[in-house]
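# Breakdown of the fold
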Amino acid sequence: MALIEGRNIWKIYGSGEAKTYALRGIDISINEGEFVAIMGPSGCGKSTLLNILGLLDVPTRGEVYIKGKKTTLMNENERAIFRRKISGFIFQQFHLIKTLTALENVELPMILDEKDKKYRRKRAKKLLEMVGLAERIYHYPNQLSGGQQQRVAIARALANNPKIIFADEPTGNLDSKSGKIVMDLLKELNEKGITIIMVTHDKDLAKYASRIIKMKDGKIVSYE
Ligand code: ADP
Ligand code: ADP
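The name an unreviewed UniProt entry assigns to the chain is ABC transporter related protein, from the organism Methanocaldococcus lauensis. Here the chain is described in UniProt, under the heading Sequence similarities (unreviewed entry), as follows: "Belongs to the ABC transporter superfamily."

Below, the structure is given as structure tokens:
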């Protein structure tokens, strides 16, 4: 059974004259353990699709299934558990909290998950070590380079031991050297069994994926 499946997903923003058809009947199926790259030009609907598959947003029409379970039948609490415990999210803009250290940023999802303080500290340190930031745990985001901030964001995404990582242009704000470090990390996580769904417009990143799905104008135009 697919880990995540979208059937006939439509997303229409706005109304009347200002309507945008962001997604026009997407069918997509992702199995556990895959590293999928969703590619296509800017504005073709990649982020919208990722947000819907990650239950950050809802489709206008169509259905998302998680392990065969209809997500429209899930209540907001169940959706929140999926986002917090089963998924990790990584964005182009890092989205770290500026007033918290790297360590505190990584601890945050575990606070929301009511893990005790000793466990949180230990795990956050271990994760930051894993992404190569053992020497930076007390730094604030603005004291870190872009590549380092994204690695903190990856450590944070891993805090609750997710099965799936949703990554939206994870290297979009990074130079090529830092971008490679981030991509190698994602690859390593995938090899450990985490399913990765990544949005990118960068052809060079596609080589990291085990499958490429190409989009255009709100539709999937090819599966590889
Ligand atoms: P991509 O990630 O491929 O660049 P997006 O999913 O961000 O594409 O956007 C798809 C289309 O939907 C674009 O035309 C965009 O302008 C539009 N869109 C995205 N988000 C919104 C929104 N919140 N409100 C209105 N239109 C939106
Ligand atoms: P990365 O390999 O993570 O991308 P860079 O090559 O961008 O790092 O940065 C090289 C070094 O400069 C890093 O060790 C980092 O600590 C430091 N550095 C970069 N940007 C900043 C910044 N805005 N504030 C403090 N230190 C920075």
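Near ligand 1 the following residues occur: Tyr-13, Thr-20, Ala-22, Pro-41, Ser-42, Gly-43, Cys-44, Gly-45, Lys-46, Ser-47 and Thr-48. Ser-47 is positioned such that a nitrogen or oxygen atom in its backbone is 2.8 Å from an oxygen atom of ligand 1. Here ligand 1, which alone exposes 550 Å², has 57% of that area covered by the protein. For the shell around ligand 1, the elements supplying multiple residues, two or more each, are β2 (20-30) and α1 (46-53). When residues of the shell around ligand 1 are assigned to their parent elements, the largest contribution, 3 residues, is made by α1.

Pairing of side chains with opposite charge becomes possible as their charged atoms draw close. With the rule as written, the count across this model stands at 12 salt bridges. For Arg-7, the salt bridge is made with Glu-5, and the minimal N-O distance between the two is 3.1 Å. The residue Arg-121 makes a salt bridge to Glu-107 at a minimum N-O spacing of 2.6 Å. With Arg-121 in helix α4 (residues 117-130) and Glu-107 in helix α3 (residues 102-112), this pair connects stretches of sequence that are 14 residues apart. For Glu-107, a relative accessible area of 2% gives the class buried. Bridged by salt links that share partners, the residues Glu-76, Arg-79 and Arg-83 form one connected network.

Another aspect to go through is the sheet that holds strand β3 (residues 35-39). Overall, mixed pairing links the 6 strands, which are arranged β6-β7-β8-β3-β9-β10 in an open sheet. For this open sheet the edge positions go to β6 (87-91) and β10 (219-223), each flanked by a neighbour on one side alone. Between one strand axis and the next, the sheet turns through 20 degrees on average, direction left out of account. Note that strand β7 (residues 164-168) and strand β8 (residues 195-200) share 5 bridges and pair parallel. Looking across to β8, one finds that Ile-164 is bridged to Thr-195. Against the sheet, helix α6 (residues 176-191) touches β3, β6, β7 and β8, its axis set at about 150 degrees to β8.

Pairing between the strands of a sheet is mediated by backbone hydrogen bonds and can be parallel or antiparallel. The sheet built from 4 strands is open, its strands ordered β2-β1-β4-β5 with antiparallel pairing. In this open sheet, the two edge strands, each paired with only one partner strand, are β2 and β5 (69-70). In this structure, strand β1 (residues 4-13) lies alongside strand β4 (residues 61-66), joined through 5 bridges in antiparallel fashion. Residue Ile-4 lies in a different strand from β4, and its bridge partner there is Ile-66. In the packing of α1 onto the sheet, contacts are made with β1, β2 and β4, and the angle to β2 comes to roughly 55 degrees.

Around ligand 2, a shell composed of Arg-136, Asn-142, Gln-143, Ser-145, Gly-147, Gln-148, Arg-151, Lys-177 and Ser-178 is seen. At a separation of 2.9 Å, an oxygen atom of ligand 2 approaches a polar side-chain atom of Ser-145. Compared with its free state, where it exposes 550 Å², ligand 2 has 51% of that area covered by protein. Taken together, the elements giving at least two residues each to the shell around ligand 2 come down to α5 (146-157) and α6. Among the elements that line the shell around ligand 2, the one with the most residues is α5, at 3 residues. Of the residues that constitute the shell around ligand 2, the class distribution is no nonpolar, 6 polar and 3 charged.

Let us look at the confidence of the model for the chain. Considering every residue of the chain, the mean pLDDT works out to 95; 100% of them sit at 70 or more. In the model output, the complex is listed with pTM 0.87 alongside ipTM 0.73.

A few words now on the packing of aromatic side chains. Applying the stated criterion to the full structure yields 3 aromatic pairs. Aromatic pair Trp-10 and Tyr-21: ring centres 6.4 Å apart, planes at 80 degrees, arrangement edge-to-face. With Trp-10 in strand β1 and Tyr-21 in strand β2, this residue pair connects regions lying 11 residues apart in the sequence. Assessed through its relative accessible area of 35%, Tyr-21 is described here as partly exposed. Aromatic pair Phe-89 and Phe-91: ring centres 6.2 Å apart, planes at 5 degrees, arrangement stacked. Accessibility expressed as a relative area gives 15% for Phe-89, which makes it buried. Residue classification places Phe-91 among the partly exposed positions, given a relative accessible area of 23%. Over the ring of Tyr-65 we find Arg-7; its NZ or CZ atom is 4.2 Å from the centre of that ring. The aromatic ring of Trp-10 is capped on one face by Arg-61, whose charged end is 4.8 Å from the ring centroid.

Criteria and cut-off values
- Residues numbered from 1 in each chain as written.
- Chains lettered and ligands numbered in written order.
- Predicted model: local features only at pLDDT ≥ 70, side-chain atom pairs only at ≥ 80, totals over all residues.
- Heavy atoms only, no water.
- UniProt positions renumbered as here; feature names shortened; annotations may be inferred.
- Near = heavy atom within 4 Å.
- Polar contact = N/O pair within 3.5 Å; in protein donor to acceptor, adjacent residues only side chain to side chain.
- Areas by Shrake-Rupley, 256 points an atom, 1.4 Å probe, with all protein chains shown as cover.
- Helix = DSSP H or I, 4+ residues; strand = E, 2+ residues; numbered from the N terminus.
- Salt bridge = Lys/Arg side-chain N within 4 Å of Asp/Glu carboxyl O.
- Buried < 20%, exposed > 50% of the residue type's maximum accessible area, 1.4 Å probe, protein only.
- Pairing = 2+ DSSP bridges.
- Axes fitted to C-alpha atoms, helices over the stretch in contact; angles between N-to-C directions.
- Contact = heavy atoms within 4.5 Å.
- Nonpolar A, V, L, I, M, F, W, Y, C, P; charged D, E, K, R; others polar.
- pLDDT = per-residue confidence, 0-100.
- Phe/Tyr/Trp six-rings, centres within 6.5 Å; stacked < 30°, edge-to-face > 60°.
- Lys NZ or Arg CZ within 6 Å of the ring centre and 35° of its normal.

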